Structures are given as C-alpha cells and as structure tokens.
Amino acid sequence: MEKSYIVKQISIFSENRPGRLAAIAGALRDAKINIFAFSIAEADGFGVVRALVDRPEDAHRTLTDLGFRVSFTDVIGIKMRDEPGGLSDIASILGDAEINIEYAYAYSGKDAAVLILRVDQAEDAVRHLLGRGGELLKTPLSK
Amino acid sequence: MAPWNPRAEEMPPDELRRLQFKLAKSLVYRLYSFNDFYRRRMKEQQVHPDDIRTLEDIAKLPFMYKRDLRDGYPDKIFSAEKNELVRYHVSSGTTGKPTVVGYTERDIKNWSESLARGFSSCGLGPGDVIQVSYGYGLFTGGLGAHYGAERVGATVLPTSVGNTERQVELMQDLHVTAIACTPSYLLHMGEVAEKMGVSIKDDTDLRIGFLGAEPWSDQMRSRIQDWLGIRAYDIYGTSELSGPMFTECAEQQGIHIWGDLALIEIVDPTTGEVLEPGEQGELTITMLQKEALPMVRYRIGDLTALEEDACACGRTHPRIGRIRGRVDDMLIVRGINVFPSQVEHALLEIPDVGRHFQIVVDRKGALDSMLVRVEVSEEAFSDKITDLMVIKRKVEHRLRGSLNVGVDVELVEPGTLPRFEGKSKKVVDKRSL
C-alpha cells in the first residue's frame, strides 16, 4: 500500500558548465517526456539534476543512451496547503516521527503546492504522513 | 670561483679521457664478472669486456632503462653486498612499483664530492648558511644537497618542504645566504614572504639559489634573479645517478658533468645512435665509480645537448644545456615525477570511478596544481551530493598516496574524457615556464 506512494525520481549527473541543463531538457523534450518538478543540487564542479517526470523509465533510457549517468531515486511527494504554515505542518509530522530529510524541493502548482522529499525511511514517512491526513502523490504521475 | 678539487676539475681534456677509459674498462670487467644482470645483457648484445679498446667502444655496450630497475626490484641488480650498503633511497615507479637505489659509503662520498664541486663553483663555502628546502626522506633531494653543502663547509638549515612562513622567518633570523629547492617553491616562498611584509631581496641575506628537480627556463631564471636579488643556478640529477648531482658554475653556461664520475652520451631517442655535440638527444649516463647500483649507458629520458665550447670558468669537464623535455610522458609536478600510467593504475583499484581520465597540470601563483578528471561509475552514482563528494575525496586521497603529490579530482560526465591513446589528450599541461 505504501509502495504506490513511492515515486521514482530520475537523477542525472551533470558537469557544472553552461548548456548541460539545456542538453538534458532538450533530450526529454525530444522524447516528449513531461517534467513535473525538478531541482539542481550543485557541488564543486558538478551537480545533480533531479526530476519528476511522467515516464521515468523512458527518461532513464533516453538519457542513458545519450551517455548521461542516470539513476532512479525513491522520493515521496506530498501536497501542502499553499498558505503560511503549509510546510511547517509536514515538517512537524516527519520531525515527530524522527524521520530525517536528506533533501527536498517544492513547486507551487495550480491546485496545491507539492513538497518532494528524499527521506531515510520512505515507507515509514508515507505511513506517518497518511496517518496524519496528508495527501500524497501516487505513481504513475499524471496531470 | 676557485675549484673545490682543482686537480680533478681542471684536468686536461686528454688526461680526463684517459681516466674515463680506465674507469669504464674496469667497471665493465667488474660487472661482467660479478653482476649477473649486466653480464646477461652483454652476452645478449654479443659484447665482451675485451671489445672495449677505446672510449668510443662504450657505444657497443647495451643500454639500461628505468624498467631494468623496476624489474630488478628491490635489489636484484645491485652490485654490492648487503653489509656494504649504508643507505637506501626509494622513488616512485611508473606503474606504482617503486625503484630502490642503494649506496655504499663510497657512493655517498662521491655524491657529496660531485655536489661539493658544483656548490663551490657557484661560490658556496664556509660562512654560508644554506637552507635545504628539498624534501628529506626517501626522496634524494634533501639529503643529497645536505651532504654536499656540509662537505664544502657551509652551515645547513634542513627545513625540508612546507611550513613556508616559518621558512621565511628562519631565513631572516639565521641569515641564510643560499637555498636549494625547486624553482617554483622558491617563487612561492617569495610570494609568502611578501604577504608577511618581507622582501627576500631587501630584508634577507639570500644570494644564491640551487634550483632544480623540475623543468624551468632562462626567463624564469631572470624573473627569480631580478625579483629576489639572487643568482639562480640549475642543479641536475635523478635518483638513479644518486640524486641531485651536477650544477652550473657561476658562468651559468650549462651544467658541468664531472667526467671522472660520469660519462655522458647524447643519443638519438629512436635509434640509440650517439649524436654529435650540439645535437639534441636523450641524455645517457654511465656512472664510472658507482658501486652499489651501477648504471651503464642509462637512458634517463631527458632531452638535452652537449655544449661544445670550453667554459670560461676553466673547468674542463663536459657540460649539458638546459633540459628541453622528455622522451616519454613523464610529468614533473612540484618536483615529483609523475607518469600518467601511475594514475591509470591507481584508478583501476577504485571501482567508484571509470578507467578513463585526463590530467590537467597548471600553475596557480607559483605552485603547480594537478587536476585529474574522472567519471563516476554507474554503480557508484548516487544522487546525494555528499556521496559524490566522498568519492571525489577518496580518489584524491588514493592518488595522493600513490603519486606522492597533492591532486584535485573533478568528477565529469561519462563520455567526455579522451577514449583513445594519445598523450596530448590524456595530459594537458598549461604551465608556461
């Protein structure tokens, strides 16, 4: 049951230089893959592009064929109230359950804001969030 | 500057050649009789000690190469008994396996004698304080310069490399007059001194530098001399010869190679044919008096030429010009020899990264920097930045361990590194000397 709320994010290794994001985004455009959310984490000379897409398997294959280093990562996506306190609610639930957030990013969509989380215990996090009334994204993702 | 050993240093050329022939002949007989490795080599080449009738006949003898030392690890080709050895030095090899050099008491004495002649030809002597900022330890630079300087009666300050601010303080407080180090380290020291508000030119007694263990140019010499207010002399050697061994004299017109200790030939790197004075080729050395680890027609891999004319200083021994490059892909980074094959071997043992790589050498300020670009392997790729930083640091740590020189590692996308052979792409050297 918790498994259907575990979302496959694709993570792509990228050098930190102009044009790399354009190359990744262009490849996904050509494969007609839609990106729901993405973030870039940067370090010393390189970065990791993380994205939620409608067809993660296809995205993985497309980018790997082009020579990118790609992996799947389990994340969860939770809807937040798009008003003050929305993030605080979610963070408190996880904090109370002693679940550690490794990284997170968010987008504010038409009907809700969504927080995407990589946590150390994904299934526990799903259980706690559902148990306290949270609304989670389900796979496969679709508009 | 007055010679240290006038009888040897000003020996008439004819007499020097007769002495060289005598020494070479007895070396060859000794090796043929007692050194299994070299006797086998001579037999393969079908040459017998009796075939050496003139000095030119040396060209009939087989060459020795770095790989002979590596294959002979640690002491298979030594020509002295264990109890005759008084020291070992060890240098890193081309493929991770080091080479060991042993010394008898006489080897150390000749090494010091050679440097004593060189140092004194540049005016170093009693009353001088010399700061030895070459590394001490397995590397030959520190101890070699140390013994040579003590031999001429100078006071040695054995600072070794590093802790540069302290080196500058000591240079001032102990009235250091000479320094032995790599040219780039001296430039670095000059910059550190300036940040401390110290001008080496105006605020210290430094007047002589013996600079070597890495390639440098006459332009760099001018810069060092003008900026630091010293005379900068080239010093040359490799661990196979003993260590730093030969220097320029005060004339700065090439490095004097003491003919009673070493017989040099310049050969065509491809054919091995002996070249004429003035022609660029590979420096090949026969160490005429070395006991523990004999070197006969050893192909050093450095490109240079014999200087034709006699030196104005009056010393009669042959000289070589500046080292113009290498016959192989060896790099010298902060005075340390680095072969791309060492990087390759180190990377093969780290499953987190692929086997392809690119080395970028540059000079930041005065010091060399070495960057190794590698690809993260599919298995090791994590989308957590911290995991990737751990891989980066692990590779840096491993490379530093096997190369003995600090390395920055850059993680790059797969497929962006040169796949095919071709040194020009595997190594990018951005330094201008």
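Cut-off values and rules
- Per chain, residues are indexed from 1 in the order of the written sequence.
- Chains carry letters from A onward and ligands carry numbers from 1 onward, assigned in written order.
- Per-residue local features of the predicted model are confined to residues with pLDDT of at least 70, and side-chain atom pairs are confined, for both listing and counting, to 80 or more; whole-chain, interface and lining totals are unaffected and use all residues.
- Each helix is a run of H or I in the DSSP string that is no shorter than four residues. Each strand is a run of E no shorter than two, and both are numbered from the N terminus.
- Our radius of gyration is a C-alpha quantity, and the globule rule it is checked against amounts to 2.2 Å times the number of residues to the power 0.38.
- Three exposure classes are used, based on other C-beta atoms lying within 10 Å of a residue's own C-beta, which is placed from the backbone: buried for 20 or more, exposed for 12 or fewer, and partly exposed in between.
- We call two residues in contact whenever the C-beta atoms placed from their backbones are within 7 Å.
- Strand pairing is assigned whenever DSSP detects at least two bridges linking the two strands.
- Structural elements are reduced to axes, namely lines fitted to C-alpha atoms, with helices fitted over the stretch in contact, and the angle between N-to-C directions of any two is expressed from 0 to 180 degrees.
- Note that the domain bounds were set by an automatic or database domain assignment.
- For this classification, Asp, Glu, Lys and Arg are treated as charged, while Ala, Val, Leu, Ile, Met, Phe, Trp, Tyr, Cys and Pro are nonpolar and the rest, including Gly, are polar.
- When we speak of the arc, we mean the arc of directions from the helix axis to the C-beta atoms.
- Working rule for angles: under 35 degrees goes down as roughly parallel, over 145 as roughly antiparallel, 65 to 115 as roughly perpendicular, anything else as oblique.
- Put simply, a crossing is left-handed when the front helix is turned counterclockwise from the back one by less than a right angle, and right-handed when it is turned clockwise.

A. Seen up close, the overall build of chain B. Along its length, chain B carries 13 helices and 21 strands. Its C-alpha atoms give chain B a radius of gyration of 23 Å, near enough to 22 Å, the size a compact globule of 433 residues would have. The dimensions of chain B, computed from C-alpha atoms along their principal axes, are 70 × 60 × 45 Å. Of all 433 residues assigned to chain B, the portion counted as buried reaches 44%. Once local pairs closer than 6 in sequence are excluded, the contacts in chain B between residues at least 24 apart make up 67%.

B. Quick look at the overall build of chain A. Across its full length, chain A carries 4 helices and 6 strands. The C-alpha radius of gyration of chain A comes to 16 Å, within 12% of the 15 Å expected for a compact globule of 143 residues. Considering only C-alpha atoms, chain A reaches an extent of 45 × 30 × 25 Å along its principal axes. By the burial criterion, 31% of the 143 residues in chain A qualify as buried. Look at the contacts in chain A between residues 6 or more apart in sequence, and 69% of them connect residues 24 or more apart.

C. Representation of the sheet that holds strand 4 (residues 155-157) of chain B within the structure. All names here are of chain B. Reading across the sheet, the 6 strands line up as 4-3-5-6-7-8 and stay open at both edges, with mixed pairing between neighbours. Here the strands that pair on one side only, and so sit at the sheet edges, are strand 4 and strand 8 (243-247). Strand-to-strand twist in this sheet, taken as the mean axis angle between neighbours without regard to direction, amounts to 30 degrees. Where helix 6 (residues 140-151) meets the sheet, it contacts strand 3 (129-132), strand 4, strand 5 (178-181), strand 6 (208-212) and strand 8, and its direction lies at approximately 50 degrees from that of strand 8.

D. Molecular detail of the domain arrangement of chain A. All names here are of chain A. Examined at the domain level, chain A breaks down into domain 1 (3-73) and domain 2 (76-131). Taking only C-alpha atoms, the centre of domain 1 and the centre of domain 2 are 22 Å apart. On the domain 2 side, the residues contacting the 8 residues of domain 1 number 10 residues. Here the side of domain 1 that touches domain 2 gets 3 residues from one element, more than from any other, and that element is strand 2 (residues 35-42). For the side of domain 1 that touches domain 2, the residue count by class is 6 nonpolar, 2 polar and no charged.

E. Representation of the sheet that holds strand 13 (residues 306-307) of chain B within the structure. One open sheet holds the 3 strands; their spatial order is 9-14-13 (chain B), and the pairing between them is antiparallel. Only two strands of the sheet have a single partner each, and these edge strands are strand 9 (255-256) and strand 13 of chain B.

F. Spotlight on helix 3 (residues 36-44) of chain B. All names here are of chain B. Those residues of helix 3 lying buried are Tyr38, Arg41 and Met42. For helix 3, the arc enclosing every buried residue in end-on projection is 95 degrees, short of the 170-degree limit, so these residues lie on one face. Exposed and oriented more than 90 degrees from the buried face of helix 3 are Asp36, Arg40, Lys43 and Glu44. Buried residues along helix 3 sit in contact with helix 2 (13-34). Where helix 3 terminates, the next one or two residues include Gln46, which has phi positive at roughly 55 degrees.

G. Inspection of the packing of helix 11 (residues 340-348) of chain B against helix 12 (residues 385-403) of chain B at higher detail. All names here are of chain B. Contact pair helix 11 / helix 12: the axes reach a minimum separation of 10 Å and the direction vectors enclose 135 degrees. Taken together, the axis directions place helix 11 and helix 12 in an arrangement best described as oblique. Between helix 11 and helix 12 lies a crossing whose hand is right-handed. Residues Gln342, Val343 and Ala346 of helix 11 form the contact with helix 12, whose participating residues are Arg398, Leu399, Ser402 and Leu403. A per-class count over the contact of helix 11 with helix 12 returns 4 nonpolar, 2 polar and 1 charged.

H. Representation of the domain arrangement of chain B in the model. All names here are of chain B. You can read the domains of chain B as domain 1 (71-328) and domain 2 (333-429). Listed as interface residues are 11 residues of domain 1 and, on the opposing side, 13 residues of domain 2. Residue composition of the side of domain 1 that touches domain 2, by class: 2 nonpolar, 7 polar and 2 charged.

I. Quick look at the interface of chain A and chain B. Every contact between the two is made by 16 residues of chain A and, on the other side, 14 residues of chain B. Residue classes in the side of chain A that touches chain B are distributed as 6 nonpolar, 6 polar and 4 charged.

J. Spatial organisation of the environment of Leu388 of chain B. When you line up the elements, Leu388 of chain B lands in helix 12. For Leu388 of chain B, a count of 23 C-beta atoms within 10 Å corresponds to the buried category. In this structure, the C-alpha to C-alpha distance between Leu388 of chain B and Leu411 of chain B, residues 23 residues apart in sequence, is 8.4 Å. Excluding its chain neighbours within four sequence positions, the residues that come into contact with Leu388 of chain B are Ala43 and Phe46 of chain A together with Val376, Ser382 and Leu411 of chain B.

K. Highlighting unusual backbone geometry. Residue and element names in this part refer to chain B. Of note, the amide linkage connecting Tyr73 to Pro74 takes the cis form, showing an omega dihedral of -5 degrees. Unlike most non-glycine residues, Ser160 shows phi in positive territory, near 60 degrees. Examined against the element boundaries, Ser160 turns out to sit in the loop between strand 4 and helix 7 (164-173). According to the C-beta neighbour criterion, Ser160 is partly exposed, with 18 such atoms within 10 Å. Although it is not a glycine, Arg297 adopts a positive phi angle of roughly 45 degrees.

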